[in-house]
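Remarks on the overall topology
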Amino acid sequence: MIVLEGVQKHFGVNHVLKDIDLTVAAGEKVVVIGPSGSGKSTLIRSMNLLETPSGGKIIVDGVDLTSPDAEVEKVRESVAMVFQQFNLYPHKTVLENLTLAPILIKKVPKAEAEETGLAFLERVGLKDKANAYPAQLSGGQQQRVAIARALSMKPRVMLFDEPTSALDPEMIQEVLDVMVDLAKEGITMVVVTHEMGFARQVADRVIFMDGGRIIEEGTPEHFFVNPESDRTKLFLSKIL
Ligand code: ADP
Ligand code: MG
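To start, this report covers the structure provided alongside it. Note that the structure is predicted; figures quoted are calculated from it, not measured.

How each quantity is defined
- Residues numbered from 1 in each chain as written.
- Chains lettered and ligands numbered in written order.
- Predicted model: local features only at pLDDT ≥ 70, side-chain atom pairs only at ≥ 80, totals over all residues.
- Heavy atoms only, no water.
- Near = heavy atom within 4 Å.
- Polar contact = N/O pair within 3.5 Å; in protein donor to acceptor, adjacent residues only side chain to side chain.
- Areas by Shrake-Rupley, 256 points an atom, 1.4 Å probe, with all protein chains shown as cover.
- Helix = DSSP H or I, 4+ residues; strand = E, 2+ residues; numbered from the N terminus.
- Nonpolar A, V, L, I, M, F, W, Y, C, P; charged D, E, K, R; others polar.
- Salt bridge = Lys/Arg side-chain N within 4 Å of Asp/Glu carboxyl O.
- Buried < 20%, exposed > 50% of the residue type's maximum accessible area, 1.4 Å probe, protein only.
- Contact = heavy atoms within 4.5 Å.
- Axes fitted to C-alpha atoms, helices over the stretch in contact; angles between N-to-C directions.
- Parallel < 35°, antiparallel > 145°, perpendicular 65-115°, else oblique.
- Left-handed = near helix turned anticlockwise from the far one by under 90°.
- Pairing = 2+ DSSP bridges.
- Right-handed = clockwise from strand over helix to strand, strands pointing away.
- Expected span 1.5 Å × (residues − 1).
- Phe/Tyr/Trp six-rings, centres within 6.5 Å; stacked < 30°, edge-to-face > 60°.
- Lys NZ or Arg CZ within 6 Å of the ring centre and 35° of its normal.

**Some words on the site of ligand 1**
Around ligand 1 lies a shell formed by Phe-11, Asn-14, Val-16, Pro-35, Ser-36, Gly-37, Ser-38, Gly-39, Lys-40, Ser-41 and Thr-42. Between an oxygen atom of ligand 1 and a main-chain N or O atom of Ser-38, the distance comes to 3.2 Å. Within the contact set of ligand 1, an oxygen atom lies 3.1 Å away from a backbone nitrogen or oxygen of Gly-39. Protein chains bury 59% of the 560 Å² of accessible surface belonging to ligand 1 in isolation. Of the residues forming the shell around ligand 1, the biggest block, three residues, is contributed by helix α1 (residues 40-45). Its residues assigned to classes, the shell around ligand 1 comprises three nonpolar, seven polar and one charged.

The structure is reproduced here in structure tokens:
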């Protein structure tokens, strides 16, 4: 589903991704961990063209994102992203947040988009908030709406960039629960998070990044039981 070959990213003189090779199979759940500034966000943002790599190749769902004629909108239809800051449209209701893109981009009829939107809201436990505005919801509820909104495009890949790190502690679990539930389906997920409980529950593979490189990868158990690199051990000693 996702193939990265020799991916490089420079921001000016800052070499942020260094020769990244990574393959994610359809349906696979990958968790990315690593210290701040190691390139995790840049890595997953390059999987839906929020960043353009400076070198190498990225192929997602058969589409070469690094080709000059890659269609950004098509890519984002099949690769949805959930951010740390929920980025909901503040002047739209919860349901409108879900129906906007399907109506505008996918040309889904309004009634159908609303029906689908309500079904996704029900899945994240927020059907009763359809007509509320984002500011009337808690952070955890807003993030659940953001997840439902991403799902409303029926993507094949879901990218999550530290989806719980802006939340008050008591709201983290409700968002993780929604993600665990989602992981039971066939959808491909790449999740940047330091929630190792979540990793243990859903990850097929954990990737540790440092300094723009993939330093180590393995199952969650590998990271809990016998991480190899000293850098990995040091990092884990801080988060576990
Ligand atoms: P992480 O998500 O692991 O914290 P990032 O991918 O956000 O790391 O950042 C990796 C490096 O790239 C950092 O040094 C950061 O300052 C730099 N960086 C990220 N985005 C930009 C940008 N838009 N412009 C310039 N530098 C950036
Ligand atoms: Mg980041």
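**Thoughts on the pattern of salt bridges**
Side chains that differ in sign of charge can pair as their charged atoms come close. In this structure the tally under the stated criterion is eleven salt bridges. Measuring nitrogen to oxygen at the nearest pair gives 3.6 Å for the salt bridge that ties Lys-110 to Glu-114. Taken as a pair, Lys-110 and Glu-114 lie in helix α4 (residues 110-123) at a separation of four residues, close to a single helical turn. Using a relative accessible area of 28% as the deciding quantity, one classes Glu-114 as partly exposed. The network of salt bridges with shared partners includes Glu-28, Arg-205 and Glu-217.

**Examining the side chain of Gln-143**
The residue Gln-143 is located in helix α5 (residues 139-151) in this model. Its relative accessible area of 0% is what places Gln-143 among the buried residues. One polar contact links the side chain of Gln-143 to the main-chain carbonyl oxygen of Phe-83, over a distance of 2.8 Å. Those residues in contact with Gln-143 that sit more than four places away from it in its chain are Val-82, Phe-83, Gln-84, Phe-86, Pro-163 and Val-175.

**Here's the deal with the packing of α5 against helix α6 (residues 169-183)**
Think of two packed helices as two axes; the pair is described by the angle between the axes and how far apart they sit. Where α5 contacts α6, the axes come no closer than 8 Å and their chain directions differ by 20 degrees. Accordingly, the angle class assigned to the pair α5 and α6 is roughly parallel. Here the hand of the crossing between α5 and α6 comes out right-handed. In this structure, α5 contributes Gly-139, Gly-140, Gln-141, Gln-143, Arg-144, Ile-147 and Leu-151 to the contact, and α6 contributes Met-171, Glu-174, Val-175, Val-178, Met-179 and Leu-182. When the residues that make up the contact of α5 with α6 are grouped by side-chain class, the tally is seven nonpolar, four polar and two charged.

**Details of the pairing of strand β7 (residues 157-161)**
Within β7, five of the five residues are buried, which leaves the element mostly enclosed by the surrounding structure. Side chains Val-157, Leu-159 and Asp-161 of β7 all project onto a buried face; the interleaved residues Met-158 and Phe-160 project onto the opposite face, where all are buried too. The sheet contact formed by strand β6 (residues 79-82) and β7 spans four bridges and is parallel. When the sheet's bridge partners are listed, Val-82 is paired in β7 with Phe-160. In terms of strand pairing, β7 meets strand β8 (residues 188-192) through five bridges, oriented parallel. Bridge pairing in β8 places Met-158 opposite Met-189. Of the crossover connections in this fold, the one passing from β7 over α6 to the parallel β8 is right-handed.

**A word on helix α3 (residues 94-104)**
Residues of α3 that are buried include every one of Val-94, Leu-95, Asn-97, Leu-98, Thr-99 and Pro-102, and no others. Where the residues of α3 are buried, they touch α4 and α5.

**Quick notes on α6**
When the terminal C-alpha atoms of α6 are compared, their 22 Å separation across 15 residues agrees well with the 21 Å that a helix rising 1.5 Å per residue should span. Considered for burial, the residues of α6 that qualify are Met-171, Ile-172, Val-175, Leu-176, Val-178, Met-179, Val-180, Leu-182 and Ala-183.

**A short note on the packing of aromatic side chains**
For the structure shown, the criterion picks out one aromatic pair. When the ring of Phe-208 is compared with that of Phe-235, the centres are 5.4 Å apart and the planes differ by 35 degrees; the resulting orientation is tilted. Of the two residues, Phe-208 sits in strand β9 (residues 205-210) while Phe-235 sits in helix α9 (residues 230-239), which places them 27 residues apart along the sequence. For Phe-235, a relative accessible area of 9% puts it in the buried group. Between the NZ or CZ atom of Arg-149 and the centre of the ring of Tyr-89, over which it lies, the distance is 5.1 Å. If you follow Arg-200 out to its NZ or CZ, it ends over the ring of Phe-224, 4.0 Å from the centre.

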